[in-house]
Amino acid sequence: MARDGAVYVCQSCGATQTKWAGQCPACNAWNSLVEELQTRPPGALAPSRSARGRGLAFQGLDESTPAPPRISTGVDEFDRVCGGGVVPGSAILLGGDPGVGKSTLLLQVAASAARRGVRCAYISGEEAIEQVRGRAQRMGLADAPVRLATETSLRDILESLKREKFDLVVIDSIQTMWSDAHEAAPGSVTQVRAATGELVRLAKKHGVAVILVGHVTKEGTIAGPRVIEHMVDAVLSFEGERGYPFRILRGTKNRFGATDEIGVFEMGDAGLGEVTNPSALFLDTSGERAAGAAVFAGIEGSRPVLVEFQALVAPSAYGTPRRAVVGWDSGRLAMVLAVLESRCGLSLGNRDVYLNVAGGLRVSEPAADLAAAAALASSALDEALPQDCVVFGEISLSGDIRPVSRMESRMKEAAKLGFKRVLGPQDLEGGSMKIHGVTRLADAIARIGESRWE
Ligand code: TYD
Ligand code: MG
């Protein structure tokens, strides 16, 4: 029986239900409904029936607005993803898997900004002061004038931020913050939403930029940052594969700038190093590229990045063949396999298929289709692509190869790194590069199989 005022909130999608169920009717997640008490936020009054609203002061689109000022943190890769620095009074959510390096990045950002005279606070609800300080010392940041505190009580944090004036405040993490105005447990949707709401309000009112850390978890045990994405001005995600040192900072929402920029970092002994020119970072230059490898000339944000796709097609030992993919979308892999099978006669249905994007980068461009297909075909046919060849092109379900965006920049960067050929869409013009243009995927596969690269 539901108590008075109790609702059941899905910890995965945030939908509210009046009755408990084993599966959330909204997002189909299992065991994600948790009972939470509905309370009105402190200070909020019951809506009065007689009160009338004020008239709005409408404005034209053409009236001039000065560009928002920016706080430059001095960590250029971070500033770039934020759209050229952090906007005062804005709220930024930094999401990522536990252990990916969110705390490390933000400590570095805070320290760097503080050294430039920005008043910075770092509030941790997860680690003890000694731990944060120890990390700062290891990273050579101990002298930066960052104000440290460990606290999880939202009331105390808000009070301190009102009293002491800061320009930039890091809250690590939003899931540990807890407001005594709500009965729900810390980390629940109600608490995470309430804490975010209060902190965003404070950010706007006092002109403080607030950066919230949000852990992303696959299970619904703590509320995912998804439920607060709409409340903040910018959402950044910090990604990286286990076992690789590279970390990518990506903007997925930004009210003050474009979201197509990425920042590239390398995790080392002294924290995260910035990688200003990542174009050759994800290339394996140690030896000859064997059968199953194809170099994709990609674009990440505004910068070209060359990255190696590695495929292995092997006889399957079991009835159901394995499909494993790292760094690329598994749905996209299934699509490319289906097109290879039905339009190119390359039968992979009873074989294990492994596809790996080297270096731990996650590629999401459709332009990578042809590179993935080339790597798969190269492995299946046991024919290596030329060492000096890059690949790009989108594959349609009919098996056609489509042109992609910014083909000149892709080729220019490849030429700069010593590549001499392109396997790509028809009608390319590539300056010094030799073009192997194809209109259909089948042509590309025939070329790889017959090793026609005159
Ligand atoms: P952390 O910032 O604590 O991750 P998050 O806040 O996202 O949970 O980073 C944890 C990992 O980073 C940990 O596995 C160790 C590694 N690390 C380094 O390799 N070098 C360093 O200088 C630091 C500070 C951390
Ligand atoms: Mg952390």
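Residues numbered from 1 in each chain as written. Chains lettered and ligands numbered in written order. Predicted model: local features only at pLDDT ≥ 70, side-chain atom pairs only at ≥ 80, totals over all residues. Heavy atoms only, no water.

Caption draft 1: Expanded view of the pattern of salt bridges. Under the definition given, this model contains 22 salt bridges. The shortest N-O distance in the salt bridge between Arg 147 and Glu 164 comes to 3.2 Å. On the criterion of sequence distance, the pair formed by Arg 147 in strand β6 (residues 147-150) and Glu 164 in the loop between α4 (154-163) and β7 (168-172) is long-range, its members being 17 residues apart. Assessed through its relative accessible area of 48%, Arg 147 is described here as partly exposed. Here Asp 180 ties to Arg 155 by a salt bridge, and the two come within 2.8 Å at their closest N and O atoms. Residue Asp 180 is located in the loop between β7 and α5 (189-206), and its partner Arg 155 is located in helix α4; the two are separated by 25 residues in the primary sequence. Judged by its relative accessible area of 42%, Asp 180 is partly exposed. Among the residues examined, Arg 155 registers a relative accessible area of 54% and is labelled exposed. When salt bridges that share partners are traced, they join Arg 332, Asp 369, Glu 394 and Arg 402 into one network. (Salt bridge = Lys/Arg side-chain N within 4 Å of Asp/Glu carboxyl O. Helix = DSSP H or I, 4+ residues; strand = E, 2+ residues; numbered from the N terminus. Buried < 20%, exposed > 50% of the residue type's maximum accessible area, 1.4 Å probe, protein only.)

Caption draft 2: Broad picture of the side chain of Glu 365. Here Glu 365 shows up in the loop between β16 (351-357) and α7 (369-381). What makes Glu 365 buried here is its relative accessible area of 16%. Within the structure, the side chain of Glu 365 is placed 2.7 Å from the side chain of Arg 410, a separation counted as a polar contact. Among residues more than four places away in sequence, those in contact with Glu 365 are Phe 296, Gly 298, Ile 299, Trp 328 and Arg 410. (Polar contact = N/O pair within 3.5 Å; in protein donor to acceptor, adjacent residues only side chain to side chain. Contact = heavy atoms within 4.5 Å.)

Caption draft 3: Up close: the site of ligand 1. Taken together, 17 residues lie near ligand 1, and Gly 99, Ser 103, Thr 104, Gly 268 and Gly 271 sit nearest. A distance of 3.0 Å separates an oxygen atom of ligand 1 from a polar backbone atom of Gly 101. For ligand 1, an oxygen atom lies 2.6 Å from a polar atom in the side chain of Ser 103. Of all elements in the fold, only α2 (102-115), α3 (129-138) and β11 (262-268) reach the threshold of two or more residues within the shell around ligand 1. When residues in the shell around ligand 1 are grouped by element, the largest group, three residues, is from α2. (Near = heavy atom within 4 Å.)

Caption draft 4: Summary view of the nonpolar core. By size, the foremost hydrophobic cluster in this structure holds 65 residues, and its most contacted members are Phe 309, Trp 328, Leu 340, Leu 376 and Leu 441. At nine residues, α7 tops the list of elements feeding residues into this core. Counting only domains with at least three residues in this core, you end up with domain 2 (76-276) and domain 3 (281-450). If you look at the next biggest cluster of nonpolar residues, it comprises 37 residues, including Val 132, Val 170, Ile 211 and Leu 272. (Core = buried A, V, L, I, M, F, W, Y, C linked by side-chain atoms within 4.5 Å. Domains from an automatic or database assignment.)

Caption draft 5: View of unusual backbone geometry. Of the consecutive residues Asp 172 and Ser 173, the connecting peptide bond is found in the cis state with omega at 0 degrees. By the element assignment, Ser 173 lies in the loop between β7 and α5. Backbone geometry at Asp 382 places phi at a positive 55 degrees, although glycine is not the residue there. In this fold, Asp 382 is placed in the loop between α7 and β17 (389-391). At Arg 406, a residue that is not glycine, the phi angle is positive and equals roughly 50 degrees. If you trace the backbone, Arg 406 turns up in the loop between β19 (401-402) and α8 (407-416).

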